[in-house]
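Each chain is listed here by its residues.
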Amino acid sequence: MSVLVCFHAHPDDEVFGTGGVMRLAADAGHRVVLVTATDGALGEFPDGILTAGETLAERRRVELDRSAAVLGVSRVVRLHYADSGMAGTPENANPDAFCNVDVDTAAQRLAEVLLEEQADVVTIYDPNGGYGHPDHIQVHVVGKRATEIADTRFVYETTTNRDHMRRLMEANPHWGEEAPPPDMDTFGLPETEITTVVDVSSVMDAKRGAMEAHETQVGDFGPFLQMSVEDLASTFGTEWFRKLRGTGGVGLTETSLPL
């Protein structure tokens, strides 16, 4: 049995980037650990969805546990840092926000988890955090340092295939009608830099179930839950990574993580 540790910024981030590989790893008998940096307290949510006296952080904690169970996660570790908010918002200046914490201190906390679990493979984000969110970028910085401290054998950057997304957007121009598309020049990584492409289409039911678990994030997941099985698989049926640490060649050489 190997141990996979996935490090994410907020509750619900696990669904998009590593939900499939987590479920595949669990189904293969490996131990899966999910670490979240923040409580996601600054996320947007529909009016009236919280019960009287309930905070968003409290609800997202419950939702994360439900999502983790669907994805086969054996342990959820919360580092309890403050949510930094989207880039350019006033919350970025909060000295307690995750984007502003001392890197070595946070990395040591994560490294302790990696050493305790004897992690074989760790996933973090790419240097731009996928799309430039301050907490995502900090996950890359802190995660990279933590794996150096723990001397983790295999480290992968969770990312999005920028060229694949461009093709999907060209084929589905209506996707940009409700919200402006991301800046594709900085979104994810170009195909040429991706080293690992994992087909997770066989566990799409689990990825959909994880989306459904995050009820407060319906604004993010709702449109995808209305997709046909085929469209959902074409969008989320592949998960992409760039190997940061470990043996192996360059280019699209791997179809699975080394578990």
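Let me sum up the structure you'll find in this document. Quantities reported herein were computed from a predicted structural model and do not represent experimental measurements. (Residues numbered from 1 in each chain as written. Predicted model: local features only at pLDDT ≥ 70, side-chain atom pairs only at ≥ 80, totals over all residues. Heavy atoms only, no water.)

## Thoughts on the nonpolar core
Generally speaking, a soluble globular protein has its nonpolar side chains buried in company with each other.
Here is step 1 of the chain: In terms of nonpolar packing, the biggest core is built from 28 residues, with Leu4, Met22, Val73 and Leu257 touching the most fellow members.
Here is step 2 of the chain: For this core, the secondary-structure elements that each account for two or more residues are strand S1 (3–8), helix H2 (19–27), strand S2 (31–38), helix H3 (56–70), strand S5 (154–159), helix H7 (204–213) and helix H9 (229–236).
Here is step 3 of the chain: With sequence-adjacent residues up to four places away left out, Leu257 is seen in contact with Leu4, Val21, Val121, Thr123, Tyr156, Thr196, Val198 and Phe241.
Here is step 4 of the chain: Grouped together as the second largest cluster of nonpolar side chains are 27 residues, Val35, Phe98, Ala107 and Ala146 included. (Core = buried A, V, L, I, M, F, W, Y, C linked by side-chain atoms within 4.5 Å. Buried < 20%, exposed > 50% of the residue type's maximum accessible area, 1.4 Å probe, protein only. Helix = DSSP H or I, 4+ residues; strand = E, 2+ residues; numbered from the N terminus. Contact = heavy atoms within 4.5 Å.)

## Overview of the environment of Leu42
Here is step 1 of the chain: Inspection of the secondary structure puts Leu42 in the loop between S2 and H3.
Here is step 2 of the chain: Residues within four places of Leu42 in sequence aside, it is in contact with Asp83, Ser84, Gly85 and Glu91.

## Side note on the packing of H7 against H9
Here is step 1 of the chain: Put simply, H7 and H9 touch, their axes get as near as 11 Å, and they point 90 degrees apart. Classed by the angle they form, the pair H7 and H9 counts as roughly perpendicular. Touching Met204, Lys207, Arg208 and Met211 of H7 are Leu232, Ala233 and Phe236, all from H9.
Here is step 2 of the chain: For the contact of H7 with H9, the residue count by class is 5 nonpolar, no polar and 2 charged. (Axes fitted to C-alpha atoms, helices over the stretch in contact; angles between N-to-C directions. Parallel < 35°, antiparallel > 145°, perpendicular 65-115°, else oblique. Nonpolar A, V, L, I, M, F, W, Y, C, P; charged D, E, K, R; others polar.)

## As for the packing of helix H4 (residues 103–117) against helix H5 (residues 134–150)
A pair of packed helices can be characterised by two numbers: the angle between their axes and the separation between those axes.
Here is step 1 of the chain: Across the interface, H4 lies against H5 with an axial gap of 8 Å and an inter-helix angle of 55 degrees. Relative to H5, the element H4 is oriented oblique. Here H4 and H5 pass one another in a crossing that is right-handed. Along its contact with H4, which presents Val103, Asp104, Ala106, Ala107, Gln108, Leu110, Ala111, Leu114 and Leu115, the element H5 presents Gln138, Val141, Val142, Gly143, Arg145, Ala146, Thr147, Ile149 and Ala150.
Here is step 2 of the chain: When its residues are assigned to classes, the contact of H4 with H5 shows 12 nonpolar, 4 polar and 2 charged. (Left-handed = near helix turned anticlockwise from the far one by under 90°.)

## What about the packing of aromatic side chains?
Here is step 1 of the chain: Inspection of the entire model under this criterion finds 3 aromatic pairs.
Here is step 2 of the chain: Relative to Phe98, the ring of Tyr81 has its centre 5.3 Å away and its plane inclined at 35 degrees; by these criteria the two rings are tilted. Within this pair, whereas Tyr81 is found in strand S3 (residues 75–81), its partner Phe98 is found in the loop between S3 and H4, the two being separated by 17 residues in sequence. Grouping residues by exposure puts Tyr81 and Phe98 together as buried. (Phe/Tyr/Trp six-rings, centres within 6.5 Å; stacked < 30°, edge-to-face > 60°.)

## What to know about the sheet that holds S1
Pairing between sheet strands relies on hydrogen bonds along the backbone, with the strands arranged either parallel or antiparallel.
Here is step 1 of the chain: Pairing within the open sheet is mixed, and its 7 strands lie in the order S3-S2-S1-S4-S5-S7-S6. Strands with a single pairing partner mark the edges of an open sheet, and in this sheet they are S3 and strand S6 (196–199). In this sheet, adjacent strand axes meet at a mean angle of 25 degrees when their direction is disregarded.
Here is step 2 of the chain: Against the sheet, H4 contacts S1, S2, S3 and strand S4 (121–125), and its axis sits at roughly 170 degrees relative to S3. (Pairing = 2+ DSSP bridges.)

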